[in-house]
Amino acid sequence: MAQNIVEKVLQAHLKEGEYVVGREIGIRMDQTLTQDATGTMAYLQFEALGLSGVKTDISVSYVDHNTVQVGFENADDHRYLQTVAAKNGIVYSRAGNGICHQVHLERFGKPGTTLVGSDSHTPTGGGIGQIAIGAGGLDVAVAMGGGLFYLTAPKVYLVKLKGKLQEWVSAKDVVLKMLELLTTKGNVGVILEYGGPGVKNLTVPERATITNMGAEMGVTTSIFPSDKVTQKFLAAQGRGNDWVELKADAGAKYDRVIELDLSTLEPMVAAPHSPGNVKKVSEVEGLKVNQVCIGSCTNSSYKDMMTVSEILKGKTVNPEVSLGIATGSRQVTQMLVKKGAFYNLVSAGARIMESACGFCIGNSYSPNSAGVSVRTSNRNFEARSGTKDAQVYLASPEVAAAAVLTGKLTDPRKLGMPYPKVREPKEFIIDDSMFIFPKAGSDSVEVMRGPNIGEPPKNTRTAPELKASVMIKVGDKITTDHIMPAGARLKYRSNVPKYAEFVFEVVDPSFSKRALEHKKNGGQSIIVAGESYGQGSSREHAAMCPMYLGIKAVLAKSFERIHSANLVNFGIVPLVFSNAADYEAIQQDDTLVCHDFAEAIKAGRPVLLKSEKTGRQFECKYELSQRQRDIVLAGGLLNYTISK
Ligand code: MIC
Ligand code: SF4
């Protein structure tokens, strides 16, 4: 039967379950990646599972998120990561080597293979024809140990591209258009497969910009074919042998077809505070800009940076604007230095950041109060930048560079200069000296820990009865940045009791104290939420820390994929209102009771919750496989796996 690309790759890796849309399947993961902010916990759990030595083709541990090193905590984490990698056969990418997704695309991504990463932007690998999926650290730990990765056999949407991008319009505008079409919610269980005659007009890094921000739509991943363009990119990376062709069969079926003519697109932005709040630049033109940040895993490739350098060459950053630039990888930096582009950027007045996530995760370069910041990154959630009232606009490098010069949101086509046409190099500078490759016989390496690195916490078995206080009631589109802030708090990722003090910090700073006190008094808690709960990152701390505070269930109108899986992994039940209108009837401080909670989950029947305040009873469902129900009952994946 004619197959699409997604079916081809998934079926070739299928180890458990039946490939029927909507059913759970278990696949083998060829590659894994972690980054430091999720990685320490992933490796601590890898150790807690009693695993040693990775069973994948390649597993890479990147240090890119937390390189600020205020205090000893980050540096201790890095040392732990380096030693645990050496001991277990994991490649270690040292701080300074670049952002995991960009570096992985350059040096390890392989068409036709599978990759799971403890970061939601792992789908960047789709640009090179990988099925690359973001997940919580515990799922990645299991995959490193040779265990399967479970997902829902997806619906596949074909995005049929035709035409060519106009000058000053780039890949970011394509994905912003996709966000306008699909929005940030309602796409759980979908994979986007790009195809059509327009594909050949996009380079691999451009494709990667597009698959990267599929994360913002909540799709499982996005993938491009592997064609001549892919072959050229791999050859320029000295990896020509890694190329295989990957294309859909003639007559392959799709659940939906979306047609997009690249030649009709124009420069766009995502306005505050959602990547789905897409507007044409022309609609918001003239808005005064205080800061521009160029970089992040979305737009930090050679072409992105060279384009900016060419636009700024011989000019000076507008006096009202502060410009920060972070390249995506050391390779990109080396290329820019060689080409003289760094000279242009520094001469124009750019502040050069290290090649890391930096501003994107909000651990530096926070804008001024109520400041407008134009960023080439992928998320503009409220407060993520570190400034609660900042107004962050997401845009292409071209739009960002135009704002650098004019001090306001500007359609770059109005700059009145020729569009800098940057070609992909025939050969990239290849220098793998910042990777530490594992050596044979290193299982005797001593793993070094610091005082901030604790044990991964475990949950208890799900109690027979649920009697949970509604500790907080929140609205729609609550992101993991709302639940578990990163930024300045990032350094506590390895110290759960400390990090848990900041759960819901930006929504209700009293939450953590109240929940912990209730737990200490023997109480259980529940979170009530609206639609699309848990958007954004893969950080499992957004489940682990609430678990530590005694949260037993989250009751929402709907959940996003990675967060819902993380809740299950930590023994928190993701309950969905059978009737969304019941949301209105619940108040914070109410107590919700179900006498046969564990029994109901065991039997797979709906949970009936009763409000102690009003006496009203309502039904909740959950979309969990038998395996997931067993995990929840066991009190999480660690307990479940150890007991097995
Ligand atoms: C993000 O962009 O939000 C992060 C920081 O990369 C997260 C991972 C994390 O919280 O460490 C992600 O996207 O998964
Ligand atoms: Fe890093 Fe930002 Fe990409 Fe997350 S989205 S991996 S913080 S650059």
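What counts as what
- Residues numbered from 1 in each chain as written.
- Chains lettered and ligands numbered in written order.
- Predicted model: local features only at pLDDT ≥ 70, side-chain atom pairs only at ≥ 80, totals over all residues.
- Heavy atoms only, no water.
- Core = buried A, V, L, I, M, F, W, Y, C linked by side-chain atoms within 4.5 Å.
- Buried < 20%, exposed > 50% of the residue type's maximum accessible area, 1.4 Å probe, protein only.
- Helix = DSSP H or I, 4+ residues; strand = E, 2+ residues; numbered from the N terminus.
- Contact = heavy atoms within 4.5 Å.
- Lys, Arg positive; Asp, Glu negative; His and termini not counted.
- Salt bridge = Lys/Arg side-chain N within 4 Å of Asp/Glu carboxyl O.
- Near = heavy atom within 4 Å.
- Nonpolar A, V, L, I, M, F, W, Y, C, P; charged D, E, K, R; others polar.
- Pairing = 2+ DSSP bridges.
- Phe/Tyr/Trp six-rings, centres within 6.5 Å; stacked < 30°, edge-to-face > 60°.
- Axes fitted to C-alpha atoms, helices over the stretch in contact; angles between N-to-C directions.
- Polar contact = N/O pair within 3.5 Å; in protein donor to acceptor, adjacent residues only side chain to side chain.
- Areas by Shrake-Rupley, 256 points an atom, 1.4 Å probe, with all protein chains shown as cover.

With 104 residues, the main nonpolar core has Phe504, Phe511, Tyr533, Leu555, Leu575, Val607 and Leu609 as its most contacted residues. Broken down by element, the residue count for this core peaks at six residues, all from helix H5 (residues 137-144). Once residues lying within four places of it in the same chain are set aside, the contact partners of Leu575 are Ala553, Val554, Leu555, Ala556, Phe559, Phe597, Val607, Leu609, Cys620, Lys621 and Tyr622. Among the nonpolar cores identified, the runner-up in size contains 47 residues, and Ala208, Leu234, Met305 and Val321 belong to it.

Turning next to the side chain of Arg561. Take Arg561: it is sitting in helix H18 (residues 561-569). Here Arg561 occupies a buried position and makes no salt bridge, while the nearest side chain of opposite charge, Asp139, is found at 7.0 Å.

Looking now at the site of ligand 2. Around ligand 2, a shell composed of His65, His101, Asp119, His121, Ser296, Cys297, Cys357, Cys360, Ile361, Asn378 and Arg384 is seen. Its residues assigned to classes, the shell around ligand 2 shows four nonpolar, five polar and two charged.

Bringing the pairing of strand S6 (residues 114-117) into the picture now. Of the two faces of S6, the one holding Thr114 and Val116 and the one holding Leu115 and Gly117 are both buried throughout. Strand direction decides the pairing type here: strand S3 (residues 31-35) and S6, joined by three bridges, are parallel. Paired with Gln31 across the two strands is Leu115, which belongs to S6. Two strands pair when backbone bridges link them, and S6 and strand S7 (residues 131-134) are joined in this way by four bridges, in the parallel orientation. Paired with Thr114 across the strands is Ile131, a residue of S7.

The next thing to look at is the packing of aromatic side chains. Within the structure shown, the criterion is met by 11 aromatic pairs. Between Tyr302 and Phe428, the ring centres sit 6.5 Å apart and the planes meet at 90 degrees, which makes this aromatic pair edge-to-face. A residue pair is termed long-range when its members are at least 10 positions apart, and Tyr302 in helix H10 (residues 302-312) and Phe428 in the loop between helix H13 (397-406) and strand S20 (435-436) qualify at 126 residues. With respect to burial, Tyr302 and Phe428 carry one shared label: buried. Measuring from centroid to centroid gives 5.8 Å for Phe435 and Phe437, while their planes differ by 50 degrees, and the two rings are tilted. A relative accessible area of 6% places Phe435 in the buried class. Exposure remark for Phe437: the relative accessible area of 38% places this residue in the partly exposed category.

So, on to the sheet that holds S20. Sheet strands pair by backbone hydrogen bonding; their relative direction is either parallel or antiparallel. Pairing in this open sheet of six strands is mixed, and the strands run S7-S6-S3-S4-S5-S20 from one edge to the other. What marks the edges here is a single partner per strand, and that holds for S7 and S20. Sitting on the sheet, helix H4 (residues 100-107) touches S3, strand S4 (58-62), S6 and S20, and the angle it makes with S3 is about 150 degrees.

The environment of ligand 1 is made up of 14 residues, and the closest members are Asp119, Ser120, Arg493, Ser538 and Arg539. Between an oxygen atom of ligand 1 and a side-chain N or O atom of Arg384, the distance comes to 2.8 Å. Note that an oxygen atom of ligand 1 is positioned 2.6 Å from one of the side-chain N or O atoms of Arg539. With the chains in place, 97% of the 330 Å² that ligand 1 exposes on its own is no longer accessible. Among the residues forming the shell around ligand 1, the class breakdown is two nonpolar, seven polar and five charged.

Now for the side chain of Thr327. Residue position: Thr327 is located in the loop between strand S16 (322-325) and helix H11 (330-339). Looking at Thr327, its side chain comes within polar contact range of the side chain of Thr333, at 2.7 Å. Filtering out sequence-adjacent residues up to four positions away, Thr327 remains in contact with Ile99, Ser300, Met305, Val332, Thr333, Leu336, Phe342, Ser355 and Ala356.

What follows is about the pattern of salt bridges. Taken as a whole and judged by the stated rule, the model has 30 salt bridges. Asp249 is the salt-bridge partner of Lys8, the closest N and O atoms lying 2.8 Å from each other. Linking Lys8 in helix H1 (residues 5-13) with Asp249 in the loop between helix H8 (228-236) and strand S12 (256-261), this pair joins segments that are 241 residues apart in sequence. Two residues, Glu73 and Lys491, come together in a salt bridge whose shortest N-O distance is 3.5 Å. Of the two residues, Glu73 sits in helix H3 (residues 73-88) while Lys491 sits in the loop between helix H14 (480-483) and helix H15 (496-499), which places them 418 residues apart along the sequence.

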